[in-house]
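Each chain is listed here by its residues.
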Amino acid sequence: MPEKKIGNQTLQFNSKPKLLSWSSIVGPMEGKGPLGKHFDLVLKDNLLEGDTSWEKTEQKMMQHSMEIALEKIKLQAGDLDFYLAGDLLNQIMNANFTARFLGISFLGLYGACSTLTEGLSLAGMLIDGGFAKQVGVSASSHYDTAERQLRYPTEMGVQRPMTAQWTVTGAGSYIVGKADSGIQLTHATIGKVKDMGVSNANDMGTAMAPAALDTIKAHLQDLGRSMSDYDIIITGDLGVLGTTVLKELFHKEGYPTDNISDCGLLIYGPDQDSHSGGSGCGCSSVVLNYLLGQMLNKKARRILLVGTGALLSPVTSWQGESIPCIAHGVVLEYYG
Amino acid sequence: MVVLLKAFIIGGILCAVGQLLMDLTPFNVTPGHILVGYVTGGAVLSALGLYQPLITWGGLGATVPLSGFGHSLAQGAIEGAKNKGVLGALGGGLEATSIGVAAAVVFGLVVATFFRPKG
Amino acid sequence: MREKEEQEARERLSKRQGNIQPPTVFDENLKTRLEKEMLQDHQKAVMWEAEAVNGGKEKYKSLRQEIEKQQQQLQQIVINNYKKDTQKLAQKQTVVKNTIWAFFVGGLICTFGQAVALLFMNGGLLEKEAGSATTVILIFLGALLTGLGYYDEIGKVAGAGSIVPITGFANSIVSSALEFKTEGFIYGVGARLFTVAGPVIVYGLAVSLVIGLIYYFI
């Protein structure tokens, strides 16, 4: 048996890596949302001044968020042993360009909206395994770059169905390392790919819910815990419909669902016309900033963040294939 | 005024049918499907002689929707076939709709050149 | 040895067939067991097929395909059950509201077109010419509103009401050209102009040609 793996899918980080620093940059719509004041920087426009493409802006958002996270604890990029990052663009180009700028050992990640938890899990492993002292993790998404790649051009007059989620324009960065105190990363549960045959790119919540169910169940089983051992179990991001489906699935199996929430539900207000809530790598990446703030304020002591990714490709989508989905969970604790 | 009201009614109905097609069919009906469907559907109805009555009654209400574009294509091809035979059938459709196609391409190019997407 | 293993695999195959019958609601444990069993047998069949010489491949190939069929059947049952469970949860599309908006906006665009055509006719144009001129005006307005960023706002409310009229055709042409300007004028604007216009012209022409030919030969 591997020593640090518990049960089938869960990893235990005995050295308790800490989240040393974090930051978030969001677009104007997210800034107007209920969490607006918890983000480090709110852009005035979805395009940064002087940029000729949304892709360039998204890349800068990711890069700037990492720079802010570094500057908060007076570190340099060179102090990081590894950089783990990903986004939604084909070939994760934003992460690649950001890594080029930072100039540190880089592992590119693709897990759609689960990219952040995938990154945090790997960061925990690198540190707990003794391979690194400090690891940077970033994830980003941008409404316009995602929409034009995965669905329609943004200026096309299409009606978004009520089941559609709104891709968050945002980037979040985290620095994981060793420290005596702070918010600690205790466990990670690596998910399996689940596919329930949903092929509608406008209904990713229903597609992703089974993956979240599977990972959360595996996590609780592996650790012998129950839902109530967590102050909040937060998925990122199933949206309104997906969360309803997930709760329904849990009800069917007799689990309580009181402390289940979703990043996609928190980021936009009901008046913001996002339909089924937020989605995208950027969603959980920026909402986690807010959650960590809540933890520091002692509003929550132990949370389980379950990043849920719809592994959607425009190519296979046009070929009529269904959407495989994955979910990774990380446990964060704070007793300071 | 009656002409305008008739155009409103027939145009509205044609659009409402499109909306029902999008909302009530189990398939993922995209704008592309709707546009292609209306053009080909309009052409077929026109060939069967069912579209001309709509235009006679509703005027532009029946020609502004894309099914009207299909009607022009079909009538052009039929005219061409009558006057010039096989070659006419081949070229008649585009001849009848050439103004619209050219306008769409040219305006598309101009707007794409001078504007920037807002997102 | 190989024969015996194959024999066993085939027995398991036929035994499984009894388990995989819609519309069973699956016991989670049974499902996991079947999936695991199928994975194992499939792996064996692939190996046997790879190792077999010329004539021998056929029977392993058929075994592999049988297993794949079962895997798909099982997956399909799971998918159907999931679909049944989740369908009722989806928020209903507001069909009535959407249709009324589509009717209203679509009707309004057509009325505007009619009014423009009447003006042209008052100005002395023949009915057919007035129609063509109006088409040009509408396409121009559709393109312009797209460039200014208003057409997608209209489309959000109007749905088919702003897709079906010729202005919607202009919108779909311009929106993709505009959006891909960042990829240059040849493969960006030039090529993307025809993302939606292409299919419309292709199938419109194809159908009209068939119609023309039918008329010619009858």
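Since the structure is predicted, the reported quantities are computational estimates derived from the model, not experimental observations. (Residues numbered from 1 in each chain as written. Chains lettered and ligands numbered in written order. Predicted model: local features only at pLDDT ≥ 70, side-chain atom pairs only at ≥ 80, totals over all residues. Heavy atoms only, no water.)

**Points about unusual backbone geometry**
All names here are of chain A.
Part 1 of the argument: Here Gly236 and Asp237 are connected by a cis peptide whose omega angle stands at 5°.
Part 2 of the argument: Note on placement: Asp237 falls in the loop between strand S11 (232-236) and helix H7 (239-252).
Part 3 of the argument: A positive phi angle is found at Gln91, which is not glycine, with a value near 55°.
Part 4 of the argument: Inspection of the secondary structure puts Gln91 in the loop between strand S5 (82-87) and helix H3 (93-102).
Part 5 of the argument: The residue Lys298 is not glycine, and still its phi comes out positive at about 65°.
Part 6 of the argument: If you trace the backbone, Lys298 turns up in the loop between helix H9 (281-296) and strand S14 (302-310). (Helix = DSSP H or I, 4+ residues; strand = E, 2+ residues; numbered from the N terminus.)

**Details of the interface of chain C and chain A**
Part 1 of the argument: Contacts between the two partners involve 33 residues from chain C, matched on the other side by 29 residues from chain A.
Part 2 of the argument: For the chain C and chain A pair, buried surface summed over both sides reaches about 2,500 Å², with 57% attributable to carbon and sulfur atoms.
Part 3 of the argument: Contact with chain A buries area across many residues of chain C, yet Tyr82, Leu89 and Glu179 of chain C alone supply 28% of it, more than any other trio.
Part 4 of the argument: Inspection of the chain C/chain A interface yields 2 salt bridges.
Part 5 of the argument: Between Glu183 of chain C and Arg148 of chain A there is a salt bridge, and its shortest N-O distance comes to 3.0 Å. (Contact = heavy atoms within 4.5 Å. Buried area = accessible area lost by both parts, 1.4 Å probe. Salt bridge = Lys/Arg side-chain N within 4 Å of Asp/Glu carboxyl O.)

**Describing the nonpolar core**
Part 1 of the argument: Core analysis: the biggest nonpolar cluster contains 50 residues, and Leu66 and Phe69 of chain B together with Ile166, Phe169 and Val200 of chain C have the highest contact counts within it.
Part 2 of the argument: The biggest single contributor to this core is helix H7 (residues 166-179) of chain C, with 7 residues.
Part 3 of the argument: Apart from residues lying up to four places away in sequence, Phe169 of chain C is in contact with Leu35, Leu66 and Ala104 of chain B together with Ile163, Ala197 and Val200 of chain C.
Part 4 of the argument: Core analysis: the next-biggest nonpolar cluster, separate from the first, contains 49 residues, Phe13, Leu116, Tyr290 and Leu305 of chain A among them. (Core = buried A, V, L, I, M, F, W, Y, C linked by side-chain atoms within 4.5 Å. Buried < 20%, exposed > 50% of the residue type's maximum accessible area, 1.4 Å probe, protein only.)

**Describing the domain arrangement of chain A**
Residues and elements named next belong to chain A.
Part 1 of the argument: For chain A, the assigned domains read domain 1 (5-177) and domain 2 (184-333).
Part 2 of the argument: Listed per partner, the contact involves 62 residues of domain 1 and 63 residues of domain 2.
Part 3 of the argument: Surface buried jointly by domain 1 and domain 2 totals about 5,100 Å² across both partners, of which 62% is contributed by carbon and sulfur atoms.
Part 4 of the argument: The interface formed by domain 1 and domain 2 includes 0 salt bridges.
Part 5 of the argument: Summed over the shared surface of domain 1 and domain 2, the result is 29 residue pairs in polar contact (both at pLDDT 80 or more). (Domains from an automatic or database assignment. Polar contact = N/O pair within 3.5 Å; in protein donor to acceptor, adjacent residues only side chain to side chain.)

**Overview of empty space enclosed by the protein**
Part 1 of the argument: Summed over the entire model, instances satisfying the criterion amount to 1 cavity of 30 Å³ or more.
Part 2 of the argument: When its volume is computed, the largest cavity comes out at roughly 40 Å³.
Part 3 of the argument: Looking at the lining of the largest cavity, the elements that each hand over two or more residues are helix H2 (31-47) of chain B together with H7 of chain C.
Part 4 of the argument: Among the elements that line the lining of the largest cavity, the one with the most residues is H7 of chain C, at 3 residues.
Part 5 of the argument: Of the residues assigned to the lining of the largest cavity, the class counts are 5 nonpolar, 5 polar and no charged. (1 Å grid on protein atoms, 1.4 Å probe; cavity = no way out; pocket = protein on both sides within 12 Å on 5 of 7 lines; lining within 4 Å. Points joined across faces, edges and corners; volume = space filled by probe spheres on them. Nonpolar A, V, L, I, M, F, W, Y, C, P; charged D, E, K, R; others polar.)

**Describing the packing of helix H2 (residues 54-72) of chain A against H3 of chain A**
All names here are of chain A.
Part 1 of the argument: It is at 9 Å that the axes of H2 and H3 come closest, and there the two elements cross at 45°. One finds that H2 runs oblique with respect to H3. Regarding H2 and H3, the two cross each other, and that crossing is right-handed. Contacts between H2 and H3 involve Glu55, Glu58, Gln59, Met62, Gln63, Met66 and Glu67 from the first element and Asn94, Ala95, Phe97, Thr98, Phe101 and Leu102 from the second. (Axes fitted to C-alpha atoms, helices over the stretch in contact; angles between N-to-C directions. Parallel < 35°, antiparallel > 145°, perpendicular 65-115°, else oblique. Left-handed = near helix turned anticlockwise from the far one by under 90°.)

**Concerning the domain arrangement of chain C**
Part 1 of the argument: Partitioning chain C into structural domains gives domain 1 (2-87) and domain 2 (95-217).
Part 2 of the argument: For domain 1 of chain C and domain 2 of chain C, the distance between their C-alpha centres works out to 51 Å.

**Some details on the layout of surface pockets**
Part 1 of the argument: Each pocket or cavity is described by its volume, and for the second largest pocket that value is around 1,400 Å³.
Part 2 of the argument: Surrounding the second largest pocket, 36 residues form its lining, Lys194, Met196 and Asp214 of chain A together with Glu28 and Lys31 of chain C being those nearest its centre.
Part 3 of the argument: Broken down by secondary-structure element, the contributors of at least two residues to the lining of the second largest pocket are helix H6 (204-223) and H7 of chain A together with helix H2 (28-51) and helix H3 (57-87) of chain C.
Part 4 of the argument: Grouping the constituent residues of the lining of the second largest pocket by class yields 14 nonpolar, 8 polar and 14 charged.

**Structural notes on the interface of chain B and chain C**
Part 1 of the argument: Every contact between the two is made by 64 residues of chain B and, on the other side, 65 residues of chain C.
Part 2 of the argument: Summed over both partners, the interface of chain B with chain C comes to about 5,300 Å²; 85% of that surface belongs to carbon and sulfur atoms.
Part 3 of the argument: Scanning the region where chain B abuts chain C turns up 0 salt bridges.
Part 4 of the argument: The interface formed by chain B and chain C holds 9 residue pairs in polar contact (both at pLDDT 80 or more) in total.
Part 5 of the argument: Elements with a minimum of two residues in the side of chain B that touches chain C: helix H1 (2-24), H2, helix H4 (60-63), helix H5 (66-84) and helix H6 (86-114) of chain B.
Part 6 of the argument: Tallied by class, the residues present in the side of chain B that touches chain C amount to 46 nonpolar, 15 polar and 3 charged.

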